[in-house]
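As a plain string of letters, each chain reads:
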Amino acid sequence: VNAMPEQNSVYDEYLTAHPEGDFAVINLGPAALTYVHLVEPEFLVPAAYVKGVQVDSTMTLHMAMASAWEVLEPMSQDGLTAALGAQILVSMGGNPQRAAASPRRHVRLVLTALDAFRGLGLLRHEGRAYVELGRALANLRWVGDAVNAFERGRLLLTQAGDLHGLCAVSGRLALLMARLGLYEQAVLYADEGQRIRDRLTGSGAHGQPTQGETYLIDFLHHERVRALTRVGFVDEAETVLDSWNHESSDLADRFDRLAATADLRIRQNRGAEGLDAFMRAIEARFMDLDVGSLPGRTYYLENSVRVFGTAIGLALSLGRPDLAVGVLAAMSTRRPTRSANGSLSPSVTEALRAADTEVSELARLATGATVARDHARLFAYNDRARILLETRDTLLHEAGGCVPRDRSTVEELATNIPRAVGPGELALFYGESGDGEVIVLAICDGGVRHLSLGPRADEVARLADQAHDECVTRSGVNGVRRLGEAVLAPVADLLAKASRVYVTAQGALQDFPFHAAPFRGRPLVASAEVRALPSLAPLRFSGGLGESVHDGHPMTAVLAAVRQPRYELLPDLPALKAEAAAVREVFPTTTLLYDDEATAAAVLHAFSFADVLHLAGHAVFEPSQPNMARILLTDRPLFAFEVSCATRVPRVVNLSGCRAGAEQRSLGGEGEGLAAAFLAAGTETVVAPLWPVRDDAALAFNEALYRELARPGVEVSQGARHAQLTLMATPQFAHPGLWGAFSVLGRL
Amino acid sequence: MAAVPGGFTVRGDAFYVRESLTIEAGLARALDEEPDEPFHESTQADVTSVCDQADDLAANDGPEAARKFLLPQLQQYKRWVRSVDLGLAGNDEEDSVRVATGMRGNLAALSLRAALYGLRAGAPPEQVASEILAADALELGEAVESATAQILAQCLRIQGRPDLALSLLVRSPTGESPAQHVRTVLDVARRTYAIGHVRRVEELLTLTDWRGDPTGLEKDLTTRLVTEHEPSQVELAARVDARRQAFDNGDWATLRDLALSDVMWLAEDPHLWMALSVILKINGAVDQAQLAHDAAEIVAQQGAVS
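In this numbering scheme, every chain counts its residues from 1 along its sequence in written order. Chain letters and ligand numbers both follow the written order, the letters beginning at A and the numbers at 1. Only residues with pLDDT of at least 70 are given local features in this predicted model, and only at 80 or more are side-chain atom pairs given and counted; all residues enter the totals for whole chains, interfaces and linings. Working from all heavy atoms in the structure, the side-chain values ignore hydrogens and water.

Peer 1: For the pattern of salt bridges, give the residues involved together with the corresponding values.
Peer 2: Pairs can form between side chains of opposite charge whenever their charged atoms are close. For salt bridges, the criterion is a side-chain nitrogen of Lys or Arg within 4 Å of an Asp or Glu carboxyl oxygen. The tally for this structure, following the rule as stated, stands at 64 salt bridges over all chains. For Glu273(A), the salt bridge goes to Arg265(A), with nearest N and O atoms at 3.7 Å. Given a relative accessible area of 40%, Glu273(A) falls into the partly exposed group. One salt bridge in this structure joins Arg243(B) and Asp262(B), with 2.7 Å as the shortest N-O distance. In this pair, Arg243(B) sits in helix H11 (residues 233–249) while Asp262(B) sits in helix H12 (residues 252–265), placing the two residues 19 residues apart along the sequence. Given the relative accessible area of 30%, Arg243(B) is considered partly exposed. Given a relative accessible area of 6%, Asp262(B) falls into the buried group. Put simply, Asp191(A), Arg224(A), Glu236(A), Arg161(B), Asp163(B) and Arg200(B) are held in one network by salt bridges that share partners. Only protein chains enter the area calculation, which uses a 1.4 Å probe; residues under 20% of their type maximum are buried, those over 50% are exposed, and those in between are partly exposed. Helical segments are the DSSP runs of H or I of at least four residues, strand segments are the runs of E of at least two, and each set is numbered from the N terminus.

Below you can see the structure in the form of structure tokens.
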């Protein structure tokens, strides 16, 4: 850190012009160039990033590269310089999450880097920028231009004699061909990459491969094994896999190798071995993953959907639905929660404080963007929030400052989850199979049943759209009824015995109000409590089940209600005062933050001591910016990403605002959104509406809820169920779009 | 103002439009040969006349001239498709998806023609394959997919990988001429055998989905490379008696085996194909018989695969 740049580095000129800049130089030495997205051994990070670094601090390369992004804006003020081009490649190439967050921005920025290098005779720089451009275009699925970019990159890198770059071109083309289903071309390109790679000697100590080379080696082996497997040349695939196993170092990520092994075993009709390899692959990625943060996991999940999907399908075809449940639960681990008694080194504490400052700054900027309705900026801030969360979680992980994660294997989960579902309980998972079937996994009585829905996935999606429209517009119930009947029909015999039902639904069904689905002529909630779980993972965690809000010690409640924020012209919510009164009736010592008192600072402070938090006001959710989901407090919005960073959150949260329960969910993931942020940060139960609600309905629901909670021994979900039934029985709220909007998430 | 069919109107979110224009210009600088020329405002184009002109040139001046003529046209089409993808062109039609698909189809047609003339003119197979892949034509229907696979298979064959060509062909649709597909498959299978990769042929035969082989004839023939050895002259001579004996006994299964083996191992000959056709018909394999008959006619017209 703060080393001198290499002689003749493109950073020379910039550093000379800015000797006192707000940045630090991270110099990785010559081995840096084994990473194809680095064109110089060094890059810049904000000075604040390294300010608190001490001898015992841990800094990963990925964290440093994530920070490189923050320097782009000040650098761009100097116009188009080669240093800016190099920094763009670090910022995008080193951060696949950021690149994936906005593929168009990825293309635009890499084009800027190319413009910066053009005409300077920097063959390696320009060639590697073309490789990154090809990658960006491939992610957008602009195949023609991607192939063209890779070929141009290849030409320049050949002239530059850059073997690492050439290896990467071949690997990337192999990957692109495999994505297009052209496995023969993929074999050809991967073989070519292997031939180039054979000419490379390790750039690390004693001729060992560096981390960058390890990545390249794994990448090429992976593409070769996968393509040969798909083509059907299994003998050669086996040979390549052997040499991959032989060559693999401790630095390598085992996930790809094990997943490729699984694919090959399936091709060889050795299904049981394939499933075993899949499970070990999943364990390798999710049990031992040091970066266990929510955004990080979302990225990994998106890139692992095929593996998970195949593993689940294989488990089901082998008659092992329990293992399918284990796989689904393994996909979702909680984001790290800061340990109450964990002591952190001063440097980590300092770094966390710096991250928290950035969170506050981002909240300030995002407030400006929401008021200006600047969607482009909000989109960028959503991405920045993800990175901030990831950096912060990584700090907690690496410094040992978080509660140790459950490291159960898939098989252990497969055993433990059915056991965790108690007598009279039923857990249901709804998901879509690869061939358009909607599968149901029903967990009860210590076992798992694999069932299917009658309608196909496309019909279910159509009905789900119809049901959603009916609920939002409060007109008609045909979609809710037809879809409800369809989803409950396969489990009717199990529902008949259940008094409590947990539902995890993926895809089109994720917003469907299962509690409103008709069962024996009445909504399901009439015969059982219904709780939504963002994934099967919470079933892993025992404790909390069956506890009421009155569990032996006095509960501290805080209510924050804002009828009209100061910075947005929105309709008044006059019912909030009565809502506050309802809360106070149950919790007489409730701290009331009403209108002007309900500032973001006051609410964030309440997180530190409240057991129950009732937040009422206008709320906003956009699926493309789930981290920007917000509830509008008096002085500014409170954003989901701020909630995610809280060191403590209340046990029970009632979010009384439009769509506050909505979330953007990936396969098996906990999702992103306001309610999801509370759950991920440790809240046990969130009550929130899935779609916009009338404030008179919200008031009626909350009055009934709190009246019920005032009774000793009543659990939150029981209270919510009673409130739903009360509304349902009231003529003006009888439409499921009103009473059915309120959902219980989590497991208290 | 009335919209111009195939034309464009800049509309939508200002940031999005600005970014699209920046990307379009950036990609033109980075990837196109004549980046300074702005993209055309209208996407109306007559690809048939371009192809006709190319064919005339090929007939009069050779394939290289045709290819030379096609490549700049191709470049223009690529730029149009890019503009359509970015929402900067072709969005005045009511059905903009149809416009985009049409443009892609045109681009694919030109790419395939340019590649074909490229192979005839002796262009490096790597370059031709790269051009074909850049056309991104695999999702434009079976006819285009089949044509793409045929050209890629030819490139793979020239590159010394008939095994990969065989794999590609058995996974691809037959296209307009199933008989031609059979002949190409047999050719690359024989070449794979010839370079010592009989195990790869065997591995491909274990695959259940030979998409380009609905009658099963390709698989029946290719299997001979794995289950039999190349017949010697003595064995071939002995087949005359074996054939006569099978005929006398009405042993149509043996006759079928012998005919399949002849077609697979011996030089391509219309008579062998025709004999196979007759025997398949006797065996009740009508579709296979028709295919063999069509193959016989093509060999008679065009000669053996070179």
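Peer 1: Before we move on, can you summarise the sheet that holds strand E15 (residues 637–639) of chain A with the specific residues and values?
Peer 2: Residue and element names in this part refer to chain A. In this description, strands pair whenever DSSP reports at least two bridges between them. Taken in spatial order, the three strands make up an open sheet running E13-E14-E15, and their pairing is antiparallel. The open sheet has two free edges, formed respectively by strand E13 (619–620) and E15, since each of these has just one partner strand. Relative to strand E14 (residues 630–632), E13 runs antiparallel, the two being bridged by two bridges. Looking at the pairing, Val620 lines up with Arg630 of E14.

Peer 1: Give me the lowdown on unusual backbone geometry, citing residues and values where you can.
Peer 2: All names here are of chain A. The phi torsion at Asn269 lies on the positive side, around 60°, for a residue other than glycine. Inspection of the secondary structure puts Asn269 in the loop between helix H14 (254–267) and helix H15 (271–286). One non-glycine residue, Arg520, lies in the positive phi region at around 55°. Position of Arg520 relative to the elements: it lies in the loop between strand E7 (518–519) and strand E8 (522–523).

Peer 1: Which residues make up the interface of chain B and chain A, and what values do they have?
Peer 2: In what follows, a contact means two residues having at least one pair of non-hydrogen atoms within 4.5 Å. Each side of the interface is counted separately: chain B has 36 residues, and chain A has 40 residues. Summed over both partners, the interface of chain B with chain A comes to about 3,400 Å²; 56% of that surface belongs to carbon and sulfur atoms. The term buried area denotes the loss of accessible surface (1.4 Å probe radius) that occurs when two parts are joined, taken as the sum for both partners. Sorting the residues of chain B by area buried against chain A places Leu31(B), Leu133(B) and Glu203(B) first, and these three jointly supply 18% of that buried surface. Throughout this description, a polar contact denotes any pair of N or O atoms lying within 3.5 Å of each other; where both atoms belong to protein, one of them has to be capable of donating a hydrogen while the other can accept it, and for residues adjacent in sequence the pair is counted only when both atoms sit in side chains. Applying the counting rule to chain B against chain A returns 17 residue pairs in polar contact (both at pLDDT 80 or more). When residues of the side of chain B that touches chain A are traced back to their parent elements, those giving at least two are helix H1 (14–31), helix H3 (63–85), helix H5 (125–134), helix H6 (142–158), helix H7 (162–171) and helix H9 (198–206) of chain B. Its residues assigned to classes, the side of chain B that touches chain A comprises 16 nonpolar, six polar and 14 charged. Three classes are used, and their members are as follows: Ala, Val, Leu, Ile, Met, Phe, Trp, Tyr, Cys and Pro are nonpolar, Asp, Glu, Lys and Arg are charged, and the others, Gly among them, are polar.

Peer 1: I'd like a description of the pairing of strand E1 (residues 23–27) of chain A, backed by residues and values.
Peer 2: All names here are of chain A. Burial analysis of E1 places five of its five residues in the buried class, the great majority of the element. Neither face of E1 is exposed, since Phe23, Val25 and Asn27 on one face and Ala24 and Ile26 on the opposite face are all buried. Sheet analysis places E1 next to strand E2 (residues 42–46), joined by five bridges and oriented antiparallel. Bridge assignment links Ala24 to a residue of E2, and that residue is Val45.

Peer 1: Please give an account of the environment of Ile217(A) that cites residues and values.
Peer 2: Of note, Ile217(A) is situated in helix H12 (residues 211–231). In this structure the C-alpha to C-alpha distance between Ile217(A) and Ser248(A), which are 31 residues apart in sequence, comes to 8.4 Å.

Peer 1: Give a description of the packing of helix H9 (residues 143–160) of chain A against H1(B) that names residues and reports values.
Peer 2: Remark: H9(A) packs on H1(B), axes separated minimally by 10 Å, with the N-to-C direction vectors making an angle of 40°. Taken together, the axes of H9(A) and H1(B) lie oblique to each other. Crossing geometry of H9(A) relative to H1(B) is assigned as left-handed. Contacts between H9(A) and H1(B) pair Asp145(A), Asn148(A), Ala149(A) and Arg152(A) from the former with Leu27(B), Ala30(B) and Leu31(B) from the latter. Counted by class, the contact of H9(A) with H1(B) contains four nonpolar, one polar and two charged residues. Axis angles are defined between N-to-C directions and span 0 to 180 degrees, where every axis is a line fitted to C-alpha atoms and, for a helix, only to the segment in contact. Working rule for angles: under 35 degrees goes down as roughly parallel, over 145 as roughly antiparallel, 65 to 115 as roughly perpendicular, anything else as oblique. For any pair of crossing helices, the crossing counts as left-handed if the nearer helix is rotated counterclockwise from the farther one by less than a right angle, and right-handed if it is rotated clockwise.

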